[in-house]
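Chains, contacts and geometry: an overview
Single-letter residue listing:
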Amino acid sequence: MTTTPNHERKTLILTGASRGIGHATVKRFSSAGWRVITCSRQPFPEDCPWEAGPEDHIQVDLGDPDNVREAIADMRTRLDRGRIEALVNNAAISPKGEDGARLGTIDMNTDDWKKVFQVNFFAPIMLARGLIDELKEARGSVVNVTSIVGSRVHPFAGAAYATSKAALAALTREMAADFGPMGVRVNAIAPGEIDTAILSPGTEKIVEKIPLRRLGAPEEVAKTIYFLCSEQASYVTGSEIMINGGQHV
Ligand SMILES: NC(=O)c1ccc[n+]([C@@H]2O[C@H](COP(=O)([O-])OP(=O)(O)OC[C@H]3O[C@@H](n4cnc5c(N)ncnc54)[C@H](OP(=O)(O)O)[C@@H]3O)[C@@H](O)[C@H]2O)c1
């Protein structure tokens, strides 16, 4: 366990930290001495793979707006310094049909579509607005995790997921304009095919055409998130950085 007291550490609030890109992001920030408050549906793991205690985990279903409001109130009570240097909106859902089939605009049930928007789009803006005073106090930064599928049709990603990510990219632009005068930077990162549980069987066919000819690693995404939250990116806001091995070219 780190011996540095919480009030001397920078604080990151990170959604969807239990696996994949979020998991790598916790490790990146923790290794740089940050306090990371994680949020996901599952409880704090007994065998937590990084240095943290249960006081640094919030169990929340981002698909439930009331639960998100409760979680924001809970987060604010856990801050020793009343400030947050970074908020990373990473959690997302990507529903699939039977046998992993893509759910297009004709098949996707509208109630499920709204649920996808609640988790992938509304929860990020609820969190940023709910924590605006703490972000402002720290002149902090927000990173929204979008996707390559927000700007093109993808063979596996469904229409609800793709449109939620396009909306999140637009939200990043709007937030950069509104939060900028408070000294808060807002950026997005748009991963391509990253080696996590969200990938579908058949991704290897896509990889054959990616210029770098490989999947990305979650750690490579985490490094870019860290850069955007650091002093190195002090004049970067309203940007969406593609992390996809050249898949967009
Ligand atoms: N992997 C890729 O190739 C790729 C490509 C483009 C974009 N992305 C984006 O990158 C981000 C992370 O992706 P990933 O592949 O690491 O995803 P993942 O492995 O599926 O992990 C998703 C995370 O979100 C959490 N989560 C899901 N629903 C939630 C809810 N209702 N409330 C709270 N937490 C919830 C999960 O935790 P619990 O299950 O414990 O709740 C988990 O920690 C997502 O925004 C995704 O859209 C990924």
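Let me begin by describing the structure that accompanies this report. (Residues numbered from 1 in each chain as written. Predicted model: local features only at pLDDT ≥ 70, side-chain atom pairs only at ≥ 80, totals over all residues.)

1. Some remarks on the overall build of the protein
Rules: Per the convention used, a helix needs a DSSP run of H or I reaching at least four residues, while a strand needs a run of E reaching at least two, with both numbered from the N terminus. Only the C-alpha atoms count toward the radius of gyration. The rule for a globule is 2.2 Å times the residue count to the power 0.38. By definition, residue pairs are in contact when their C-beta atoms, positioned from the backbone, come within 7 Å.
What the protein contains, in helices and strands, is 7 helices and 7 strands. Going from the N terminus to the C terminus, the protein shows its helices and strands as β-α-β-β-α-β-α-α-β-α-β-α-α-β. Against the 2.2 N^0.38 benchmark of 18 Å for 249 residues, the protein shows a C-alpha radius of gyration of 17 Å, consistent with a compact globule. Restricting the contact set of the protein to residue pairs at least 6 apart, pairs at least 24 apart contribute 71%.

2. As for the sheet that holds strand E2 (residues 35-40)
Stated formally: At least two DSSP bridges between two strands are required for those strands to pair. As a rule, the C-alpha atoms of each element are fitted with a line to give its axis, helices using only the stretch in contact, and angles between N-to-C directions run from 0 to 180 degrees.
The strand order across the open sheet built from 7 strands is E3-E2-E1-E4-E5-E6-E7, with neighbouring strands paired in parallel fashion. Every interior strand has two partners, whereas the edge strands, strand E3 (57-59) and strand E7 (240-243), have only one. Neighbour-to-neighbour, the strand axes of the sheet open up by a mean angle of 15°, direction not taken into account. Bridge count between E2 and E3: 3 bridges; the pairing is parallel. Residue Thr38 lies in a different strand from E3, and its bridge partner there is His57.

3. Considering the site of the ligand
Applied cut-off: What makes a residue near a molecule or strand is its C-beta atom, placed from the backbone, lying within 6 Å of it. Any residue outside Ala, Val, Leu, Ile, Met, Phe, Trp, Tyr, Cys, Pro, Asp, Glu, Lys and Arg is labelled polar, Gly included; the first ten of those are nonpolar and the last four are charged.
Taken together, 29 residues lie around the ligand, and Gly16, Gly20, Arg41, Ala92 and Thr196 are the ones closest in. Of the residues belonging to the shell around the ligand, the class tally is 14 nonpolar, 11 polar and 4 charged.

4. As for the pairing of strand E4 (residues 86-89)
Rule in force here: With C-beta atoms placed from the backbone, a residue is buried if 20 or more other C-beta atoms are within 10 Å of its own, exposed if 12 or fewer are, and partly exposed between those counts.
Here E4 shows a buried face lined by Ala86 and Val88 and a second buried face lined by Leu87 and Asn89. Strand direction decides the pairing type here: strand E1 (residues 11-15) and E4, joined by 3 bridges, are parallel. Of the residues in E4, the one forming a bridge with Leu12 is Ala86. Summarising the sheet, E4 and strand E5 (residues 141-145) pair through 4 bridges and their orientation is parallel. Bridge pairing in E5 links Leu87 to Val142.

5. Let's talk about the packing of helix H2 (residues 65-78) against helix H3 (residues 110-130)
Packed helix pairs are characterised by how far apart their axes lie and by the angle those axes make with each other. We count it as follows: Any angle that falls under 35 degrees is termed roughly parallel, while one over 145 is termed roughly antiparallel, one within 65 to 115 roughly perpendicular, and all others oblique. In a left-handed crossing the near helix is turned counterclockwise from the far helix by less than a right angle, and in a right-handed crossing that turn is clockwise.
Packing of H2 against H3 leaves a shortest axis separation of 10 Å and a crossing angle of 30°. It follows from the interaxial angle that H2 and H3 lie roughly parallel. Handedness of the crossing formed by H2 with H3: right-handed. Contact residues: Pro65, Val68 and Ile72 in H2; Gln118, Ala123, Met126, Leu127 and Gly130 in H3. By residue class, the composition of the contact of H2 with H3 is 6 nonpolar, 2 polar and no charged.

6. With respect to the nonpolar core
Short version of the rule: Any set of buried Ala, Val, Leu, Ile, Met, Phe, Trp, Tyr and Cys residues joined through C-beta atoms within 7 Å is what this text calls a nonpolar core.
Within the largest apolar cluster, 58 residues are counted, with the highest numbers of intra-cluster contacts made by Leu87, Val143 and Ile225. Per-element accounting of this core gives the leading share, 7 residues, to helix H5 (residues 159-179). Other than its neighbours up to four places away in sequence, Ile225 contacts Thr25, Val88, Val143 and Ile189.

7. Notes on H3
This is how it is decided: Given a residue, its bend is the angle between the two axes fitted to the seven residues that end at it and to the seven that start from it.
Maximum bend of H3: about 45°, positioned at Phe122, with proline Pro124 one to four residues after it. Where H3 is concerned, the buried positions are Val116, Val119, Asn120, Phe121, Ala123, Pro124, Leu127 and Ala128. Its buried side turned inward, H3 meets H2, E4, helix H4 (132-138), E5 and H5.

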